[in-house]
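What follows is the residue order along each chain.
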Amino acid sequence: MAKRPLILAVDVGTTKVSALVGEARSDGELTVLGIAATPVAGMRRGLVYEVERVALAIRDAVNRANSMAGTDLKEAAVAVNGDHLAVLEGQARIGLKTGTVREEDVEHATHKAAQVAHDTDRETVQVIRRGLAVDGFRGVVDPVGMVAHQLDAEVLVVTGVATVLKNLKRVVTMAGLHPILWVPAPRASADGVLADDEKQIGVVHLDVGGGTTGVTVHRGGHIQYLGVVPLGGESITSDLSVGLGVVSTQAERLKLEYAAVGAERDGTLEVRAVSGQSVKLIAVKELEEIVEARVDEWASMVEQHLSRIEWPKGPAAGVVMTGGGSLLKGLPSYLENRWGWPVRLGVPIGLGGLSDLSRSPGYSVAVGVARAAKSLGFRPQSESWIQRLLQFWMTLWN
Ligand SMILES: Nc1ncnc2c1ncn2[C@@H]1O[C@H](COP(=O)(O)OP(=O)(O)OP(=O)(O)O)[C@@H](O)[C@H]1O
Ligand SMILES: [Mg+2]
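Residues numbered from 1 in each chain as written. Chains lettered and ligands numbered in written order. Predicted model: local features only at pLDDT ≥ 70, side-chain atom pairs only at ≥ 80, totals over all residues. Heavy atoms only, no water.

**Here's the deal with the overall build of the protein chain**
Part 1 of the reasoning: What the protein chain contains, in helices and strands, is twelve helices and 19 strands.
Part 2 of the reasoning: Here the C-alpha atoms of the protein chain give a radius of gyration of 22 Å, agreeing with the 21 Å that 2.2 N^0.38 yields for 398 residues.
Part 3 of the reasoning: For the C-alpha atoms alone, the extent of the protein chain along its principal axes is close to 80 × 50 × 40 Å.
Part 4 of the reasoning: A total of 398 residues make up the protein chain; the buried ones form 54% of that total.
Part 5 of the reasoning: Considering only intrachain contacts with a sequence separation of at least 6, the fraction spanning at least 24 residues in the protein chain is 67%.
Part 6 of the reasoning: In the form shown here, the protein chain has an accessible surface area of approximately 17900 Å², with 51% of it arising from carbon and sulfur atoms.
Part 7 of the reasoning: Between the centroid of the 41 positive side chains of the protein chain and the centroid of its 45 negative side chains there is a distance of 3 Å. (Helix = DSSP H or I, 4+ residues; strand = E, 2+ residues; numbered from the N terminus. Rg over C-alpha atoms; globule rule 2.2 N^0.38 Å. Buried < 20%, exposed > 50% of the residue type's maximum accessible area, 1.4 Å probe, protein only. Contact = heavy atoms within 4.5 Å. Areas by Shrake-Rupley, 256 points an atom, 1.4 Å probe, with all protein chains shown as cover. Lys, Arg positive; Asp, Glu negative; His and termini not counted. Charge placed at Lys NZ, Arg CZ, Asp CG, Glu CD.)

Listed below in structure tokens is the structure:
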């Protein structure tokens with residue numbers, strides 16, 4: 001009997017580890033069988049700082065997702081995050097001896113295009129195919145079977161700092177998992193929530209997490225840019241803590257309940273002072289000024305990434321945000337005013353099963369990682385997809 005096409009996806013975020021067990025359906029959708037998130041300490045700005053604490057959180061999230069699904073999966077597709085991620089462009093052309101494009105020709109051209117030189121302290125995380133051309137005709141989606149002399153492939157090669165990647169691999173392995181695929185978190189998040197027509201006409205995706213913001217740009221159906229800003233919602237909490245003289249749990253609560261950008265409210269809030277005895281009065285205006293200063297800095301850092309893309313009219317489908325940080329009140333309209341593009345919150349799409357749980361924007365990375373595992377190497381009913389993935393896509397870190 002063929003094995004069920006099951007996938008375990010893991011996102012080791014700065015504030016929480018998410019794990020998802022999914023089944024690839026023959027109609028291309030993903031059925032979520034188990035999903036869990038465990039708060040994590042020991043991560044900073046998407047990077048591992050305390051190996052044991054992070055490994056414990058991974059183990060806990062994966063155990064809970066597995067038990068919900070009634071599975072015991074150990075082979076995992078894992079998101080890679082952090083501002084060390086960088087992209088390089090690669091192209092290659094191959095001649096077609098048989099006069100017809102075969103699947104192995106597509107793989108060969110892609111593999112050749114991915115041979116771009118990068119610094120010796122960096123490793124390839126993922127090769128993303130951006131486009132194929134047959135005898136110079138670009139934009140061919142599935143050229144297998146076409147009669148042609150030449151095949152061109154264009155790729156984006158996502159690289160990361162080798163030591164950072166090794167630490168991530170170490171915690172995942174310590175948690176008892178076998179990593180079989182690595183997916184850049186910003187790309188995974190975009191794939192978790194964006195529709196094909198948005199990717200076609202042009203869209204910016206921001207995954208606003210606790211310590212990072214993933215930035216991707218899609219246009220013409222393909223990813224054009226990927227970057228990570230080392231700033232997320234945690235910095236607002238720490239600014240409020242320092243600026244208002246409250247402990248960080250109070251600062252976090254103030255942020256979730258009262259903080260907003262562009263609200264311009266008056267009045268005061270009562271909070272308990274650090275000692276827990278006396279009551280402290282906080283001017284809402286002061287709280288808003290602290291939030292707004294950090295959001296302004298964050299938006300400027302995102303703009304530095306977006307300025308690397310040429311688009312005279314901006315992204316036709318606007319900006320789609322995910323991640324807990326995107327839930328800051330007033331953020332979409334603040335950005336609409338600042339950038340002049342429509343901004344909306346994204347939710348994971350194309351899901352069956354436990355989709356109510358998995359539609360939270362905080363699960364977009366885990367959903368996208370599962371989808372990447374499914375679409376990169378996975379064929380339903382095939383038992384050899386793991387070997388195919390390993391052979392072709394795993395360039396990593398032995
Ligand atoms: N309603 C809300 N309003 C404002 N901020 C929120 C809200 N809900 C969650 N957040 C913030 O979202 C952040 C966590 O987001 P998320 O879970 O996407 O991060 P992460 O994946 O752990 O981190 P990263 O992606 O940076 O590695 C926290 O800073 C949290 O305070
Ligand atoms: Mg995240």
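**Some words on the packing of helix 6 (residues 233-244) against helix 7 (residues 248-257)**
When two helices pack together, their arrangement is given by the angle between the helix axes and the distance between those axes.
Part 1 of the reasoning: Where helix 6 meets helix 7, the axes come as close as 8 Å, and the angle between the chain directions of the two elements is 115°. For the element pair helix 6 and helix 7, the recorded crossing hand is right-handed. Contact with helix 6, carried on its side by Gly233, Glu234, Ile236, Thr237, Leu240, Ser241 and Leu244, involves Ser248, Ala251, Glu252, Leu254 and Lys255 of helix 7 and no other residues of that element.
Part 2 of the reasoning: Residue composition of the contact of helix 6 with helix 7, grouped by class: five nonpolar, four polar and three charged. (Axes fitted to C-alpha atoms, helices over the stretch in contact; angles between N-to-C directions. Left-handed = near helix turned anticlockwise from the far one by under 90°. Nonpolar A, V, L, I, M, F, W, Y, C, P; charged D, E, K, R; others polar.)

**Re the pattern of salt bridges**
Part 1 of the reasoning: Taken as a whole, this structure holds 20 salt bridges when the rule is applied.
Part 2 of the reasoning: Across the salt bridge formed by arginine 102 and glutamate 104, the nearest N and O atoms sit 3.6 Å from each other.
Part 3 of the reasoning: Of the residues examined, arginine 102 reaches a relative accessible area of 36% and is grouped as partly exposed.
Part 4 of the reasoning: For the salt bridge of arginine 294 with glutamate 297, the shortest nitrogen-to-oxygen distance reads 2.6 Å. One end of the pair is arginine 294 and the other is glutamate 297, both in helix 8 (residues 284-306) and three residues apart, which spans about a single turn.
Part 5 of the reasoning: Salt bridges linked by common partners bring Arg25, Asp27 and Glu29 together as one network. (Salt bridge = Lys/Arg side-chain N within 4 Å of Asp/Glu carboxyl O.)

**A few points about the UniProt feature "domain: SHS2" (unreviewed entry) in the protein chain**
Part 1 of the reasoning: Under the feature "domain: SHS2" (unreviewed entry), the UniProt entry names residues 7-193.
Part 2 of the reasoning: Between the end C-alpha atoms of residues 7-193 the distance is 18 Å, and the span holds 28% helix and 42% strand. (UniProt positions renumbered as here; feature names shortened; annotations may be inferred.)

**What to know about the environment of threonine 15**
Part 1 of the reasoning: Examined against the element boundaries, threonine 15 turns out to sit in the loop between strand 1 (6-12) and strand 2 (16-24).
Part 2 of the reasoning: Given the relative accessible area of 35%, threonine 15 is considered partly exposed.
Part 3 of the reasoning: It is 6.8 Å that separates the C-alpha atoms of threonine 15 and alanine 41, two residues lying 26 residues apart in sequence.
Part 4 of the reasoning: Apart from the residues within four sequence positions on either side, threonine 15 is in contact with Thr38, Pro39, Val40, Gly210 and Glu234.

**Points about helix 2 (residues 103-113)**
Part 1 of the reasoning: Taken as a whole, helix 2 has its buried residues at Asp105, Val106, Ala109, Thr110 and Ala113. Down the axis of helix 2, the sector holding all buried residues measures 130°, keeping them to one side. (Arc of directions from axis to C-beta.)

**Section: the environment of proline 342**
Part 1 of the reasoning: Note that proline 342 resides in the loop between helix 9 (331-339) and strand 18 (343-345).
Part 2 of the reasoning: As a C-alpha pair, proline 342 and glycine 131 span 211 residues in sequence and 27 Å in three-dimensional space.
Part 3 of the reasoning: Setting aside residues no more than four positions away along its own chain, proline 342 makes contact with Gly318, Val319 and Glu336.

**As for the sheet that holds strand 14 (residues 222-229)**
Part 1 of the reasoning: Ordered in space as 14-13-12-17-18, the five strands form an open sheet in which the pairing is mixed. Here the strands that pair on one side only, and so sit at the sheet edges, are strand 14 and strand 18. Averaged over all adjacent pairs, the angle separating strand axes in this sheet is 20°, with direction ignored.
Part 2 of the reasoning: Two strands pair when backbone bridges link them, and strand 13 (residues 213-219) and strand 14 are joined in this way by seven bridges, in the antiparallel orientation. (Pairing = 2+ DSSP bridges.)

**Observations concerning the side chain of threonine 237**
Part 1 of the reasoning: Take threonine 237: it is sitting in helix 6.
Part 2 of the reasoning: In this structure the side chain of threonine 237 is engaged in a polar contact, spanning 2.7 Å, whose partner is the side chain of glutamate 252. (Polar contact = N/O pair within 3.5 Å; in protein donor to acceptor, adjacent residues only side chain to side chain.)

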